[in-house]
Amino acid sequence: MIGSREPAGDPAARPAGTEPLFRERVLVDLTVNGRRWRGEVPARRTLLAFLRDDLGLTGTKLGCDTGNCGACSVLVDGQLVYSCLVLAASCDGRRVETIEGLSRGDALHPIQQAFLDLDAYQCGFCTPGQIMAVKALLDRNPRPTREEVVTAVSGNLCRCGAYPRIVAAALRAAELMSGEGRPDAGGSSGDGAGKGGNR
Ligand code: FES
Ligand code: FES
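Criteria and thresholds
Residues numbered from 1 in each chain as written. Chains lettered and ligands numbered in written order. Predicted model: local features only at pLDDT ≥ 70, side-chain atom pairs only at ≥ 80, totals over all residues. Helix = DSSP H or I, 4+ residues; strand = E, 2+ residues; numbered from the N terminus. Contact = placed C-beta atoms within 7 Å. Core = buried A, V, L, I, M, F, W, Y, C linked by C-beta atoms within 7 Å. Buried ≥ 20, exposed ≤ 12 C-beta atoms within 10 Å, placed from the backbone. Domains from an automatic or database assignment. Pairing = 2+ DSSP bridges. Axes fitted to C-alpha atoms, helices over the stretch in contact; angles between N-to-C directions.

Colleague: Now, about the environment of L47: what can you tell me, with residues and values included?
Modeller: Secondary-structure assignment places L47 in helix 1 (residues 47–54). A C-alpha to C-alpha distance of 9.4 Å links L47 and C72, two positions 25 residues apart in sequence. If sequence neighbours within four positions are ignored, L47 has contacts with S83, V86, L87, A88 and C91.

Set out below in structure tokens:
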């Protein structure tokens, strides 16, 4: 991956020993939402562009494209990343999870269900990234505090200001995933957020 920026050109026209180190296309073998994908990608293609343009997984959103908004958040080997800052080529051998991989048929993932139940969105543009950030948190910390949730989603901007409901939904999801909550049970995680004027 690391090397000269010189384009590959016609290999036959190059003197021996001056072949560029940089390859225009790179073979990758990765898993996306449990399905293996093997093929060549442009060396400069971001994971975000690969997911959206090559695989058609448009649930992952293109916001700033500069690592500032979190709309493009996905998991790579369980770690939350901004996919606009990650090269697809660097995901060779890795496991990628996107918002499309959460539901099982018509059954929403508990985090998705909690966001739906608590109206934890307005325009919805940031929602896939917010949900992936919450998933990354709950996968390693199944019963987070409110402060831990706030920290976990702090890299995901919501221009609609739905933060109180997003935090409440994350806490509700933790209840659902631990078997303590039900989608129609008022729950203890509302902390007033469900009464706010975020919609
Ligand atoms: S689109 Fe990646 S951080 Fe904004
Ligand atoms: S719901 Fe609109 S940006 Fe978050």
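What follows continues from the structure just given.
Colleague: Describe the nonpolar core, naming the residues involved and giving the relevant values.
Modeller: Ranked by internal contacts, the top residues of the largest apolar core, which has 53 residues, are V134, A169, A170 and A173. For this core, the secondary structure elements donating two or more residues are strand 1 (25–32), helix 1, strand 3 (73–76), strand 4 (79–82), helix 2 (110–117), helix 3 (127–140), helix 4 (146–152) and helix 5 (163–178). At nine residues, the largest contribution of residues to this core is made by helix 5. Mapped onto the domain boundaries, this core takes at least three residues apiece from domain 1 (11–101) and domain 2 (110–195). What A173 contacts, discounting residues up to four positions off in sequence, is P110, I111, A114, V134 and L138.

Colleague: Explain the pairing of strand 2 (residues 35–42) to me, and be specific about the residues and the numbers.
Modeller: Here strand 1 runs beside strand 2; their pairing, made up of eight bridges, is antiparallel. By the bridge assignment for strand 2, D29 is matched with R38. Linking strand 1 to strand 2, which pair antiparallel, is a turn of two residues; within it N33 sits at a positive phi near 50°.

Colleague: Please set out the sheet that holds strand 5 (residues 95–97) residue by residue, giving values where relevant.
Modeller: Read from one edge of the open sheet, five strands run 2-1-5-3-4, paired in mixed fashion. Since the sheet does not close on itself, it has two edges, and those belong to strand 2 and strand 4, each with one partner. Pairs of neighbouring strands in the sheet enclose a mean axial angle of 40°, with direction left out of account. Inspection of the sheet shows strand 3 paired to strand 4 by four bridges, in the antiparallel sense. Across the sheet, the residue bridging to L75 is L80, located in strand 4.

Function-wise, these values are silent; they only describe arrangement.
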